Amino acid sequence: MLLKPDMRVDKITDITIEMLKSNNIKAVILDSDNTLIDLNKNPLDGIKEWINEMKKNGIKFCILSNSIKKKKVESVSKMLDIPYIFFSVKPTKYGFIKAKKILGIKENQNIAEIGDQLFTDVLGTNRMKMFSILTKPICEEKVKINNIKRKIEKKILEKVDR
């Protein structure tokens, strides 16, 4: 099922190197908004340390964001010292293909994508036959349409869990 994540965690920092290695993951594509940073652009607690620890263990990273705000995505990229792609139009394959080239990984199954949304992150990742990891959003959405989308995602996840 294209909307079923391969793994679910509360937040990125709950993911261990053992979890990635046991799934043969060599590189990780990261969503930005509500995954790495909250809606006020504050980084998730412990994210810098988590990224550095994963890098020490050989994991490569690239940020893949649907945001059209280049400076915002670029600032997260600089803070974490990892490359980025903004306005990636997930769930299309376009951004994922670009990220794969940046990461230099040949096999899609050796790449994970971590994000907080079913209809962009999980759907796009699964279409690419990469390993999808769904996190809970860092904070509640402020835009009404996003709250509606979250309710739909919740119902889909309940069905997937059955």
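First, a word on scope: everything that follows refers to the structure included in this document. (Residues numbered from 1 in each chain as written. Predicted model: local features only at pLDDT ≥ 70, side-chain atom pairs only at ≥ 80, totals over all residues. Heavy atoms only, no water.)

**A short note on the sheet that holds strand E5 (residues 111-115)**
What counts, and what does not: Between any two strands, at least two bridges found by DSSP are needed for them to pair. The secondary structure listing takes helices from DSSP runs of H or I that are at least 4 residues long and strands from runs of E that are at least 2 residues long, numbered from the N terminus. Note on contacts: a residue pair is in contact if any heavy atoms of the two residues lie within 4.5 Å. Whenever a helix is involved, its axis is fitted only over the stretch in contact; in every case the axis is a line through C-alpha atoms, and angles between N-to-C directions fall within 0 to 180 degrees.
Strand order in the open sheet formed by six strands is E1-E6-E5-E2-E3-E4, and the pairing between neighbours is parallel. Among the strands making up the open sheet, the edge pair consists of strand E1 (7-9) and strand E4 (84-85). The sheet strands contacting helix H2 (residues 47-56) are strand E2 (27-30), strand E3 (60-64) and E5, and the helix crosses E3 at an angle near 135°.

**Looking at unusual backbone geometry**
Along the chain, Lys90 connects to Pro91 via a cis peptide bond; the corresponding omega equals 15°. Along the chain, Pro91 falls in the loop between E4 and helix H4 (94-103). Positive phi outside glycine occurs at Lys129, with the angle close to 60°. In this fold, Lys129 is placed in the loop between helix H5 (118-127) and strand E6 (131-135).

**Some words on the side chain of Glu153**
Put simply, the rule reads: Partly exposed residues are those whose accessible area sits between 20% and 50% of the maximum for their type, while under 20% is buried and over 50% is exposed, using a 1.4 Å probe and protein chains only.
With respect to the helices, strands and loops of the structure, Glu153 is situated in helix H6 (residues 144-161). With a relative accessible area of 5%, Glu153 lands in the buried category.

**Quick look at the environment of Phe96**
As for its position among the elements, Phe96 is in helix H4. Residue class for Phe96 comes out buried when judged on its relative accessible area of 0%. Separated by 34 residues in sequence, Phe96 and Met130 have C-alpha atoms that sit 9.5 Å apart. Residues contacting Phe96, with those up to four places away along its chain left out, are Ile29, Leu64, Lys90, Glu113, Asp121, Gly124, Thr125, Met128 and Met130.

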